[in-house]
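Survey of secondary and tertiary structure
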Amino acid sequence: MHLDMLGRLLSLGRAVLAVLRGQLSALCWNLTPLSLSLPFSGWRRDSARRREREQEWDGDASPTPTSVNYHFTRQCNYKCGFCFHTAKTSFVLPLEEAKRGLAMLKEAGMEKINFSGGEPFLQDRGEFVGKLVKFCKQELKLPSVSIVSNGSLITRRWFKNYGEYLDILAISCDSFNEDVNVLIGRSQGKKNHVENLHKLRQWCREYAVAFKINSVINRFNVEEDMNEQIKALHPVRWKVFQCLLIEGENSGEDALREAEKFVISDEDFEQFLDRHKDVSCLVPESNEKMRDSYLILDEYMRFLNCRNGRKEPSKSILDVGVNAAIKFSGFDEKMFLTRGGKYVWSKADMKLDW
């Protein structure tokens, strides 16, 4: 009788141990690394396996953040009337936190980072963005690192210190008529925006940085003929955007800009494009192409969803990880590829005559 009771107790104990072993195994399987150590050799295989497991658990694969636009500051020294990323905060992440987030994006599949604002050269007189550029190229080994700037604060010294790590510098220029630039708000004091553009073009040649121009086509420049000036500057790309309204940024009651007076019709935009169809570097982007095909990361490292005509933020990737945050980005990966979002974006592959 005692032996029979002992046998049953032993059987029950084995069953309990089996259950506990199974639960412990499941718990260990679900644990993910809590930190990322530098340098990054050897983590690609581990991170790929981790992404596969996360997709199995969630049952819904996240898009890959191949190309990310990090608007790390909203502050700017210009007052462009159609700006759709306005100075609603003065927050900028500490440098090491920004680096941590960029490392997470690299781990999730990022190949290209574009630093923007606001004006990225305002923070620490360009040292902040310079250190991030160097980190992304030297430590993360990203194929492409670029900056979008109004160009007014960039110095030759900055090129000397950081030019070798930068693939593309995009300068925003909406008109080659200085009066129009002043009317738009792309000006500061007596500094001539167009003259500065030519100076930056020369520095890009000297320091082997690919030069790009971004233009927002709006009511004040839609009739302009820019063929001669663009061909003379010879950028690797001339990105031409149709003026876009974003509720809460440049449109609506709580907006800091009133961009309605800058808006043009689709027909107006097409006429501008037709006038410049012989410019080989022209890359047009209508409102339809632009709205959902960019991965925009704000100053808190939150993805911004523009699908409803507003910028609705996800949770920060620093808090929930890239895969969890990117699901709320509204990112249209197909449109990203359709609009030519992936191109030869490393200066090592461009084979340009500097």
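Residues numbered from 1 in each chain as written. Predicted model: local features only at pLDDT ≥ 70, side-chain atom pairs only at ≥ 80, totals over all residues. Heavy atoms only, no water.

Operational definition: UniProt positions are given in the numbering used here, feature names are shortened, and annotations may be inferred rather than shown by experiment.
Per an unreviewed UniProt entry, the recorded name for the protein chain is S-adenosylmethionine-dependent nucleotide dehydratase RSAD2, and the organism is Neodrepanis coruscans. Within the UniProt record for the protein chain, the comment given under Subcellular location (unreviewed entry) is "Endoplasmic reticulum membrane".

Concerning the side chain of Thr-86
Convention followed: By definition, any uninterrupted DSSP run of H or I lasting at least four residues is a helix, any uninterrupted run of E lasting at least two residues is a strand, and each is numbered from the N terminus. Partly exposed describes any residue whose relative accessible area lies between the buried limit of under 20% and the exposed limit of over 50%, with all areas from a 1.4 Å probe on protein chains only and scaled to the type maximum. Any pair of N or O atoms that falls within 3.5 Å is considered a polar contact. Within protein, one atom must be able to donate a hydrogen and the other to accept it, and sequence-neighbouring residues count only if both atoms are side-chain atoms. For this analysis, residues touch if any pair of their heavy atoms sits within 4.5 Å.
Here Thr-86 lies in the loop between β1 (67–71) and α3 (95–107). A residue is classified by how much of its surface remains accessible, and Thr-86, at 2% relative accessible area, is buried. A polar contact of 2.8 Å, which involves the side chain of Thr-86, links it to the side chain of Glu-249. The residues touching Thr-86, leaving out its near neighbours within four places in the chain, are Arg-74, Glu-249, Leu-256 and Arg-257.

Some thoughts on a negative patch on the surface
Which entries qualify depends on this criterion: Only residues whose relative accessible area exceeds 30% and that take part in no salt bridge are eligible for patches, with like-charged residues grouped when within 9 Å of each other and nonpolar side chains (Val, Leu, Ile, Met, Phe, Trp, Tyr) grouped when within 5 Å. Only the protein chains shown count as cover for residues, with accessible areas throughout obtained via the Shrake-Rupley method and a probe of 1.4 Å. Throughout this description, the term salt bridge denotes a Lys or Arg side-chain nitrogen within 4 Å of a carboxyl oxygen of Asp or Glu. In this tally, Lys and Arg are treated as positive and Asp and Glu as negative; His is ignored, and so are the chain termini. Throughout, a charge is located at the NZ atom of Lys, the CZ atom of Arg, the CG atom of Asp or the CD atom of Glu.
A surface patch of like charges, here negative, comprises Glu-247, Glu-253, Glu-258 and Glu-260. Positionally, Glu-260 belongs in the loop between β6 (237–242) and α9 (266–275). Classification of Glu-260 by relative accessible area gives partly exposed; the value is 40%.

A short note on the nonpolar core
Condition: In this description, a nonpolar core means a group of buried Ala, Val, Leu, Ile, Met, Phe, Trp, Tyr and Cys residues linked to one another through side-chain atoms lying within 4.5 Å.
With 69 residues, the main nonpolar core has Tyr-70, Leu-102, Ile-113, Phe-115 and Trp-238 as its most contacted residues. Among the elements that take part in this core, helix α4 (residues 127–139) stands out by supplying six residues, more than any other. In this view, Tyr-70 contacts Leu-93, Ala-98, Leu-102, Ile-113, Asn-114, Phe-115, Ser-116, Leu-132, Leu-297, Asp-298, Glu-299 and Met-301; residues no more than four positions away in its chain are not counted. Of all hydrophobic cores here, the second largest spans nine residues; its members include Tyr-78, Val-180, Ala-259 and Phe-262.

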